[in-house]
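# Examining the three-dimensional arrangement
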Amino acid sequence: MNIVLVDDEAQIRRWLEILLNQTGLGVHLVANCSNGKEALEVCRTREIDVVITDIKMPVMDGIALIRSLKAERPSIVSFILSSYSEFHYASEAIKAGAYDYMLKAEITPEDLRQALLKAQEAIDKERMRQREVFSLKSELNGNQYALRSLFFRDLLRGAAVQAAEFEEKMRMFRIPLRGKHVMMMVLRSDEHGEVKERAKISEPELLESAVINIIDETLRVETDSGCCFVAEENTYVALYNYGDWGEKSLRETTLRHAHRISGYLQELLGLSVSVGISLPALKLTSLAEQFEEARSALSHKQFYARRSIAWYMDEGKARDSGPERRQHHLDHLSELLDRDEFDRVVPCLRLVMEEVGQSMAWREKELKAFCIEAVFLLQRTVRRLKAAAGLDVRQQEAERPHEVIASLPTFEHVSEWLLARAAQAMDEAHAFQHPYSEAIRKVCHYVKASYAAGVSLQEAADYVHLNRNYLSELFKKETGISFNDFLTQVRIEKVKELIVEGKTPIGQLCEKVGYPDGSYLSKVFKKVTGMTPLEFKRKKG
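Residues numbered from 1 in each chain as written. Predicted model: local features only at pLDDT ≥ 70, side-chain atom pairs only at ≥ 80, totals over all residues. Heavy atoms only, no water.

## With respect to the overall build of the protein chain
Note the following rule: Strands here mean DSSP runs of E at least two residues long; helices mean DSSP runs of H or I at least four residues long; both are numbered from the N terminus. Only C-alpha atoms enter the radius of gyration; for comparison, a globular chain is expected to reach 2.2 Å times N to the power 0.38, where N is the number of residues. Any residue under 20% of the maximum accessible area for its type is buried, any over 50% is exposed, and the rest in between are partly exposed; the area is computed with a 1.4 Å probe on protein chains only. Pairs of residues are marked as contacts when any of their non-hydrogen atoms sit within 4.5 Å. Calculation of accessible area relied on Shrake-Rupley with a 1.4 Å probe; when residues are assessed, cover is drawn exclusively from the protein chains displayed. Just so you know, the count uses Lys and Arg for positive and Asp and Glu for negative, and it drops His and the chain ends. Working definition for charges: the position is that of NZ of Lys, CZ of Arg, CG of Asp or CD of Glu.
Scanning the protein chain from terminus to terminus reveals 22 helices and 11 strands. Relative to the 2.2 N^0.38 estimate, which gives 24 Å for 541 residues, the radius of gyration of the protein chain is 40 Å and therefore markedly larger than a compact globule would have. Considered along the principal axes of its C-alpha atoms, the protein chain spans approximately 135 × 60 × 40 Å. Sorting the 541 residues of the protein chain into buried and exposed places 43% on the buried side. Counted over contacts in the protein chain with a minimum sequence separation of 6, partners at least 24 positions apart contribute 68%. Surface accessibility of the protein chain: about 29300 Å² in total, with carbon and sulfur atoms responsible for 50%. Considering the protein chain, the positive charge centre built from 75 side chains and the negative charge centre built from 81 side chains are found 6 Å apart.

## Topic: the nonpolar core
Worth spelling out the cut-off: Here, nonpolar core means buried Ala, Val, Leu, Ile, Met, Phe, Trp, Tyr and Cys residues that are tied together by side-chain atoms lying within 4.5 Å of each other.
Leu 367, Phe 370, Leu 418 and Met 426 are the most contacted members of the largest nonpolar core, which has 37 residues in total. Mapped onto this core, the elements with two or more residues apiece are α11 (323-338), α12 (345-359), α13 (364-388) and α15 (411-432).

## Some details on the packing of helix α16 (residues 438-450) against helix α18 (residues 468-479)
So the rule is basically this: Helix axes are fitted only over the stretch in contact, all axes being lines through C-alpha atoms; the angle between N-to-C directions runs from 0 to 180 degrees. Orientation categories follow fixed angle ranges, with anything under 35 degrees roughly parallel, anything over 145 roughly antiparallel, 65 to 115 roughly perpendicular, and all other angles oblique. Ten residue types, Ala, Val, Leu, Ile, Met, Phe, Trp, Tyr, Cys and Pro, are classed as nonpolar, four, Asp, Glu, Lys and Arg, as charged, and the remainder, Gly among them, as polar.
Following both chains from N to C, one finds α16 and α18 inclined at 95°, their axes separated by 10 Å at the closest point. Classified by the angle their axes make, α16 and α18 are roughly perpendicular. Contacts between α16 and α18 involve Ile 440, Val 443 and Cys 444 from the former and Leu 471, Leu 474, Phe 475, Glu 478 and Thr 479 from the latter. In the contact of α16 with α18, the residues fall into 6 nonpolar, 1 polar and 1 charged.

## Focus: the environment of Gly 26
Among the secondary structure elements, Gly 26 is positioned in the loop between α1 (10-22) and β2 (28-33). The exposed category is assigned to Gly 26, whose relative accessible area is 71%. Between the alpha carbons of Gly 26 and Met 1 there is a distance of 6.8 Å; along the sequence they are 25 residues apart.

## Quick word on the pattern of salt bridges
Rule in force here: Any Lys or Arg side-chain nitrogen found within 4 Å of a carboxyl oxygen on Asp or Glu counts as a salt bridge.
The final tally for this structure, using the stated rule, is 25 salt bridges. Ionic pairing is found between Glu 364 and Lys 368, a salt bridge with its closest N-O pair at 2.9 Å. Taken together, the residues Glu 364 and Lys 368, both in helix α13 and 4 residues apart, mark about one turn of the helix. Linking Glu 497 and Arg 380 is a salt bridge whose minimum nitrogen-to-oxygen distance equals 3.5 Å. Of the two residues, Glu 497 sits in helix α19 (residues 483-501) while Arg 380 sits in helix α13, which places them 117 residues apart along the sequence. Judged by relative accessible area, Arg 380 falls into the partly exposed class, the value being 22%. Beyond isolated ion pairs, a larger network of salt bridges with shared partners links Glu 335, Arg 339, Glu 341 and Arg 344.

## Notes on the packing of aromatic side chains
Applied cut-off: Classification of ring pairs rests on two measures: the distance between centres of Phe, Tyr or Trp rings, Trp counted by its six-membered ring, which must be within 6.5 Å, and the angle between planes, read as stacked under 30 degrees, edge-to-face over 60 and tilted in between. Placement of a charge over a ring requires the Lys NZ or Arg CZ to be within 6 Å of the ring centre, with the centre-to-atom vector within 35 degrees of the ring normal.
Overall, the coordinates contain 14 aromatic pairs when judged by the stated rule. Put simply, the rings of Phe 151, Phe 152, Phe 166, Phe 173 and Phe 229 touch in pairs and so form one group of aromatic residues. Over the ring of Trp 311 we find Arg 251, and its NZ or CZ is 5.3 Å from the ring centre. Arg 326 extends its terminal NZ or CZ atom over the ring of Trp 362, reaching a point 5.4 Å from the ring centre.

## Points about the sheet that holds strand β3 (residues 50-54)
This is how it is decided: Strand pairing is assigned whenever DSSP detects at least two bridges linking the two strands.
Taken together, the 5 strands give an open sheet; going across it, the order is β2-β1-β3-β4-β5, and neighbouring strands pair in parallel fashion. The two strands at the open ends of the sheet, each matched to only one other strand, are β2 and β5 (100-103). Adjacent strand axes in the sheet meet at a mean angle of 20°, parallel and antiparallel pairs treated alike. Here 4 bridges tie strand β4 (residues 77-82) to β5, and the two strands are oriented parallel to one another. Within β5, the position partnered with Ser 82 by the bridge is Leu 103. The sheet contacts of helix α2 (residues 36-45) involve β1 (2-6), β2 and β3, and relative to β2 the element is tilted by about 145°. Across the sheet, helix α3 (residues 62-72) lies against β1, β3 and β4, angled at about 155° from β3, the strand it touches most.

## With respect to α12
An α-helical turn contains 3.6 residues, so a residue and the one three or four places further along point in the same direction. Our working rule: In this analysis, the expected span of each helix is defined as 1.5 Å times one less than the number of residues it contains.
The end-to-end C-alpha distance of α12 is 22 Å, a good match for the 21 Å that 15 residues give at a rise of 1.5 Å each. Note on α12: the residue one or two positions beyond its end, Met 360, has a positive phi of about 50°.

## With respect to the pairing of β3
To be explicit about the condition: Place the viewer so that the strands point away; then a crossover is right-handed whenever the path from the first strand over the helix to the second strand goes clockwise.
Counting buried positions along β3 yields 5 of 5 residues, so the element is predominantly enclosed. What you see with β3 is no split at all: Val 50, Ile 52 and Asp 54 on one side and Val 51 and Thr 53 on the other are buried throughout. Of the strand pairs in this sheet, β3 and β4 are connected by 5 bridges, and their pairing is parallel. Bridged to Val 51 within β4 is Ser 78. Running through α3, the crossover from β3 to the neighbouring parallel element β4 is right-handed.

Next comes the structure, spelled out in structure tokens:
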């Protein structure tokens, strides 16, 4: 029990301190004050349970002190120290809010002990009552918040509601929100897995109620309207009405509201949030669309680990050339792999990821689609090298890249996974790559670039400045197959790609790869694969 003694006579204060020590109670004397003003300042800044005060004092007397405490700190129990001649003052102090009075001439340690025990009992009862009231209010608020969230979640799913019904619901929930000119914000904590550790309130339900209360209060102060509700786990929606403003003023005021809300949540709850803002809507029928807009803007920022406020109308401004840019990167990667320039693959992909991470120009699904296609190119290269080494390539890989990448939550995770997967694939490629001489590597690259023109052994020999017969022997020695067989292999692999791609008619495949006619192509294709091009297409289709 924390106690303050107030008397203008120092000797009386020392005597009361001795009496307190003799009560045998676990009391703590916080301060000795010579007037009411000093005591009031202490009570304003410290946790005080009991004040024992004289009546007649300079600056501020005991009655004025008790009245001030009753107004500012009603939980503090006040006792009056009275003499016989001041009894009528004591009666006035009781009316002002004093708990009881004690006579200076008769007080004993036991009297003081009993008085403090009664005070402690009263304090405990009041605290219990306050806890019960708080619990009841919390339960009522929780039920109201739950009903509010159910109603608005139905609207987000596209449920229709008449204007009269909406107004009735708002009156029932005591929400100052109209059904026209609605703005929406979607808020989500930045460290969902660490919220309990970082937030000042660890209990999830209490934290949720606190977030709603803070957002409700901020909206009503800032906009004279609005409310907040839980849309889904770790996701809050704030709605409010906007005025008939221009685009610039609407943007400025909306961003100010968002900054205020995120600032208060950080300051009061220790909760860091990011905010996504939708476009304004004239009617409630647009709530579902607004929710997707705000959530899209928010998710894009959080995927790139940018903790901030995102406006949906800004989403399209940061976009690059889209599919063309991604296809350019894939084509470059494919060229590197086809030329067996494996040492350049990981640095190439790292530059792409750095570029994307800085510009945030790709949406999450676009980036993940790019990564899946990149991994397909890497896998195709490894299978090609394994086949050239005479190994079985029919065994499926244990890892399913599309399932793995779908589970990765942020850009950083996706980037790290792709670069690690590329490094692993290139290590495999180096392991299966034949140690060709520079001349044979150049011939291989030349054939892959010129197969459609009908490149011959003599033309290849001229390209690397070697004798035709010597090149034929050297090529067979290093690659394990003849020059013509390698040319055939390159052409047939290209035919397979074109068939799978499905854009080139079967009858035009021969022109694409340098064969004189379709009949000859079909004969060679069947010799290599055991199927005609048409049979291969049906099998793959």
